[in-house]
Amino acid sequence: MTATITPLRAITASVLAVAAALGAGHLAAGFISPEASPIFAVGNAVIDVTPTPMKEFAIQQFGEDNKNVLLGSIGLGLLVLAAIAGLASRKSKIAGSALIVILGAAAVAAALSRPTFTGLWLVPPAVSILAGVASFMWLHRAAAPASPDAPTEKQLAWDVPGLGRRTFLVSSTAVAVGAGAAALGGRMLGQRVGAESSREALDIIADVPAPPIPPGADFTADGTPTFITPNSEFYRVDTALTLPQLRADTWQLRIHGMVDREIVLTYDDLLSMPLVEKTITLVCVSNEVGGPYISTANFIGVSLADVLRQAGLDPRADQLATTSSDGWTCGTPVDVVMAEDSNALIAIGMNGEPLPVKHGFPVRMVVPGLYGYVSATKWLVDMEVTTFDEFDAYWVRRNWAERGPVKTMSRIDRPRSFAQVQPGRYVAAGIAWAQHTGIDRVEVRVDGGEWAESELSAEVNIDTWRMWRIELDLEPGSHRIECRATDRSGFTQQEERVPPIPDGATGWHSIAFSAEA
Ligand SMILES: Nc1nc2c(c(=O)[nH]1)N[C@H]1C(S)=C(S)[C@@H](COP(=O)(O)O)O[C@H]1N2
Ligand SMILES: [Mo]
């Protein structure tokens, strides 16, 4: 007859067994690929199947914490499931073991759905199931109240002699420590490729540096961002739950498809080509009116158009399909890349340093004038010359537009929403951008009055943002300030708000604030 175990012990056994499964799977993945870890495979699969509106919500709501929020939610979900399975296992070991097997099966399904799946990816979930079920059986047995008179032979074999009633505590601690150690070990193994050490050994110097940023390129004292965004503050948007770990010395890029000759480039090949530095503003299509997903850097790299000319393009090709090491895909219009002065780069440096790992180390693409989702492939490993008819990239399959030229936009940085400022003289400031076209003017109005032209910062080049500021004379009371940009093609931003999906947000940015003495 099986004894009933206490609810606390049942829950502890089940939760720790799930932890052991996760830790063991993580350790196994350390030998294969960090993304093969059940927790990351499931997380990445969730990211891929999350409906676009929900993904947009997460990006807007949690910003760059969205990945931690996802992992935290999965962790919480597992905790609840484990607790329920534990409570259902007070008499028998079936529910707790079944949960581990079901979770393991989900991890297998997630692994199979990953674009970089190989057969080896089945090992971590298998190890998880074994470790999880074994831990659960062991803890469940240890949790059973000691029957003073008739221990079964099996109990004798399992119990550590002399520990008596502390058996459960000792066993749980052992499982918890083991799970933690395994997870840590997996993490260390996963880092052994050493993207960071590979990066630190490099020194990237442009053969043709960008012109220095002129004084007056930003109005930081009046509340705008600095013209160049420091790498640590550069916005980050990608689908990668774990940062791809690539080394420069083993990196390769295969250029193939509708070309005269296939090319395989190594990092040394790139270093031996002319390295140019370009000051470029990157913006995300998910950026809402007034949003933060825009930054500017000095990118160093080789001309993408030159490389494609070496490969020889089939004139019928209109799309450049690129893939990152983690299987994300991107489709870039060939005509934009090949246009004269496109400034499209295969980039290896950012603000005088090798690309940071989270910005695509060792190699990414940058194409001025296009939103990141159709141009800025990080951890770039494959480039296929093809057509838009032939191939739909990651976000296009999720209802975003095939082509993503950046829309002319402007943003108010000062005042902030609901700010209280002094009446009288007040300087408002912000940014405007129309990559590859250039900003002509930014107008501002208060409380729906006359549009007034603002002062623009020194122009660095047409591929970058431009700052604006304007001196206002404010009456006491509440106010609303709006701005609109006009670009060099003569286009003026329209008032109507359009959401980011499918091809970028538009509309006037507007801020409510008040002037009070
Ligand atoms: N490999 C990979 N590259 C990617 C993405 C991605 O999800 N995976 N996201 C793209 C998007 S949507 C944008 S806006 C830019 C952002 O680049 P950043 O993170 O360096 O600012 O990267 C692009 N490159
Ligand atoms: Mo983006």
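Along each chain, residue indices are assigned from 1 in the same order as the chain's sequence is written. Whichever chain is written first is A, and whichever ligand is written first is 1; the rest continue in order. The predicted nature of this model means local features are confined to residues of pLDDT at least 70 and side-chain atom pairs, given and counted, to a pLDDT of 80 or more, with totals for whole chains, interfaces and linings taken over all residues. The side-chain numbers reported here are obtained from all heavy atoms of the structure, hydrogens and water having been left aside.

### Considerations on the overall build of the chain
Note on conventions: DSSP H or I runs of at least 4 residues are helices, E runs of at least 2 residues are strands, and numbering of each starts at the N terminus. Within the chain, the secondary structure is distributed over 12 helices and 19 strands. Taken over the C-alpha atoms alone, the chain extends approximately 95 × 70 × 40 Å along its principal axes. For each residue, the accessible area found with a 1.4 Å probe, counting protein chains only, is set against the maximum for its type, and the residue is called buried under 20%, exposed over 50%, and partly exposed in between. For the chain, buried positions account for 52% of its 517 residues. Note on contacts: a residue pair qualifies if any of its non-hydrogen atoms lie within 4.5 Å across the two residues. Within the chain, contacts between residues at least 6 apart in sequence are counted, and of these 76% link residues at least 24 apart. Total accessible area computed for the chain in this model is approximately 23,100 Å², and 58% of it derives from carbon and sulfur atoms. Computed over 40 positive and 55 negative side-chain charges, the inter-centroid distance for the chain is 11 Å. Only the protein chains shown count as covering a residue, and every accessible area follows the Shrake-Rupley method with a 1.4 Å probe. Charge assignment: positive for Lys and Arg, negative for Asp and Glu; neither His nor the chain ends contribute. Where a charge lies is defined by one atom per residue type: Lys uses NZ, Arg uses CZ, Asp uses CG and Glu uses CD.

### Section: the packing of helix 1 (residues 7–32) against helix 5 (residues 94–113)
Angles shown run from 0 to 180 degrees and are taken between the N-to-C directions of axes, each axis being a line fitted to C-alpha atoms and, for helices, limited to the stretch in contact. Where helix 1 meets helix 5, the axes come as close as 10 Å, and the angle between the chain directions of the two elements is 25°. Classified by the angle their axes make, helix 1 and helix 5 are roughly parallel. Relative to helix 5, the crossing made by helix 1 is right-handed. Touching Ser-14, Ala-17 and Val-18 of helix 1 are Leu-99, Ile-100 and Leu-103, all from helix 5. Each residue is assigned to one of three groups, with Ala, Val, Leu, Ile, Met, Phe, Trp, Tyr, Cys and Pro labelled nonpolar, Asp, Glu, Lys and Arg labelled charged, and all others, Gly among them, labelled polar. The residue makeup of the contact of helix 1 with helix 5, split by class, is five nonpolar, one polar and no charged. When an angle is under 35 degrees it counts as roughly parallel; over 145 it counts as roughly antiparallel; between 65 and 115 it counts as roughly perpendicular; any other value is oblique. The hand of a helix crossing depends on one turn: near helix anticlockwise from the far one by less than a right angle means left-handed, and clockwise means right-handed.

### Some remarks on the UniProt feature "transmembrane region" (unreviewed entry) in the chain
Within this numbering scheme, the UniProt entry marks residues 69–87, 94–113 and 119–139 as carrying the feature "transmembrane region" (unreviewed entry). Secondary structure across residues 94–113 divides into 100% helix and 0% strand, with the first and last C-alpha atoms of the span separated by 29 Å. UniProt positions are given in the numbering used here, feature names are shortened, and annotations may be inferred rather than shown by experiment.

### Description of the pairing of strand 18 (residues 477–487)
With eight of 11 residues buried, strand 18 lies mostly within the body of the structure. DSSP calls a pair of strands paired once it identifies at least 2 bridges connecting them. As judged from the seven bridges shared by strand 14 (residues 439–446) and strand 18, these two strands associate in the antiparallel manner. Bridging across to strand 18, Val-444 finds its partner in Cys-483.

### What about the pairing of strand 19 (residues 509–515)?
Most of strand 19 sits inside the fold, with six of its seven residues counted as buried. Here strand 12 (residues 420–421) runs beside strand 19; their pairing, made up of two bridges, is parallel. Of the residues in strand 19, the one forming a bridge with Val-421 is Ala-515. In the sheet, strand 18 pairs with strand 19 via seven bridges, with the strands oriented antiparallel. Within strand 19, the position partnered with Arg-480 by the bridge is Ala-512.

### Thoughts on the packing of aromatic side chains
Pairing of aromatic side chains requires ring centres within 6.5 Å, counting the rings of Phe and Tyr and the six-membered ring of Trp. Pairs whose planes differ by under 30 degrees are stacked, by over 60 edge-to-face, and all others tilted. A full pass over the atoms with the stated rule returns 10 aromatic pairs. Summarising the aromatic geometry, the rings of Tyr-394 and Trp-395 are spaced 5.0 Å apart at their centres and angled 80° between planes, so their arrangement reads as edge-to-face. Accessibility expressed as a relative area gives 6% for Tyr-394, which makes it buried. Under the relative-accessibility criterion, Trp-395 is labelled buried at 13%. Look at Tyr-426 and Phe-513: their rings are 6.3 Å apart centre to centre, the planes differ by 25°, and that puts the pair in the stacked class. Placement of the pair is Tyr-426 in strand 13 (residues 424–433) and Phe-513 in strand 19, with a sequence separation of 87 residues. A residue is classified by how much of its surface remains accessible, and Phe-513, at 3% relative accessible area, is buried. Among the aromatic residues, those joined into a ring-pair cluster are Phe-234, Tyr-235, Tyr-293 and Phe-299. Its end group placed over the ring of Tyr-394, Arg-398 keeps NZ or CZ at 3.7 Å from the ring centre. Each ring is checked for a lysine NZ or an arginine CZ that lies within 6 Å of its centre and within 35 degrees of its normal; such an atom marks a charge sitting over the ring. Arg-469 extends its terminal NZ or CZ atom over the ring of Phe-219, reaching a point 4.0 Å from the ring centre.

### Focus on the side chain of Glu-277
With respect to the helices and strands, the residue Glu-277 is situated in strand 3 (residues 276–283). By convention in these notes, a salt bridge is any Lys or Arg side-chain nitrogen within 4 Å of a carboxyl oxygen on Asp or Glu. Lys-278 provides the closest opposite charge to the buried, salt-bridge-free Glu-277, at an N-O distance of 10 Å. Apart from residues no more than four positions distant in its own chain, Glu-277 is found in contact with Ala-206, Val-208, Pro-209, Ala-210, Asn-298, Phe-299 and Ile-300.

### Here's the deal with helix 6 (residues 123–143)
To estimate the expected span of a helix, subtract one from its residue number and multiply by 1.5 Å. Here helix 6 spans 30 Å end to end across 21 residues, near enough to the 30 Å set by a 1.5 Å rise per residue. As for helix 6, its buried residues are in contact with helix 1, helix 2 (38–49), helix 5 and helix 8 (167–190).

### Describing the side chain of Ser-172
Its place among the elements puts Ser-172 in helix 8. A relative accessible area of 7% means that Ser-172 is categorised as buried. Setting aside anything within four residues of it in sequence, one finds Ser-172 in contact with Thr-12, Leu-16 and Leu-139.

### As for the sheet that holds strand 2 (residues 263–266)
An order of 2-1-10-5-6 is seen for the five strands of this open sheet, with the pairing classed as mixed. Whereas interior strands pair on both sides, the edge strands pair on one side only; in this sheet they are strand 2 and strand 6 (329–333). Direction aside, neighbouring strands of the sheet carry axes that sit 20° apart on average. Of the pairings in the sheet, the one linking strand 5 (residues 319–324) to strand 10 (residues 380–386) comprises six bridges and is antiparallel in character. Across the sheet, Leu-320 pairs through a bridge with Val-385, a residue of strand 10.

### Quick look at helix 2
Taking 1.5 Å as the rise per residue, helix 2 with 12 residues should run 16 Å; its terminal C-alpha atoms sit 16 Å apart, in good agreement. With respect to burial, helix 2 is a largely interior element, nine of its 12 residues being buried. Pro-38, Ile-39, Phe-40, Ala-41, Gly-43, Asn-44, Ala-45, Ile-47 and Asp-48 are the residues of helix 2 that are buried. Tucked into the core, helix 2 has its buried residues touching helix 1, helix 3 (52–62), helix 4 (66–87), helix 5 and helix 6.

### With respect to the confidence of the model for the chain
Looking at any residue, its pLDDT shows the predictor's confidence there, from 0 to 100. On average, the chain scores 94 in pLDDT, and the residues at 70 or more come to 96%. Overall, residues 156–163 carries pLDDT values under 50, and its contacts beyond four positions in sequence, including any with other chains, amount to five contacts.

### Focus: the packing of helix 6 against helix 8
Geometrically, a packed helix pair is captured by the angle between its two axes and the distance between the axes. Put simply, helix 6 and helix 8 touch, their axes get as near as 8 Å, and they point 160° apart. By the criterion of interaxial angle, the relationship of helix 6 to helix 8 is roughly antiparallel. Between helix 6 and helix 8 the crossing geometry is left-handed. The residues of helix 8 that touch helix 6, namely those facing Ser-135, Trp-138, Leu-139, Ala-142 and Ala-143, are Thr-167, Phe-168, Ser-171, Ser-172, Ala-174 and Val-175. Across the contact of helix 6 with helix 8, the residue classes break down as seven nonpolar, four polar and no charged.

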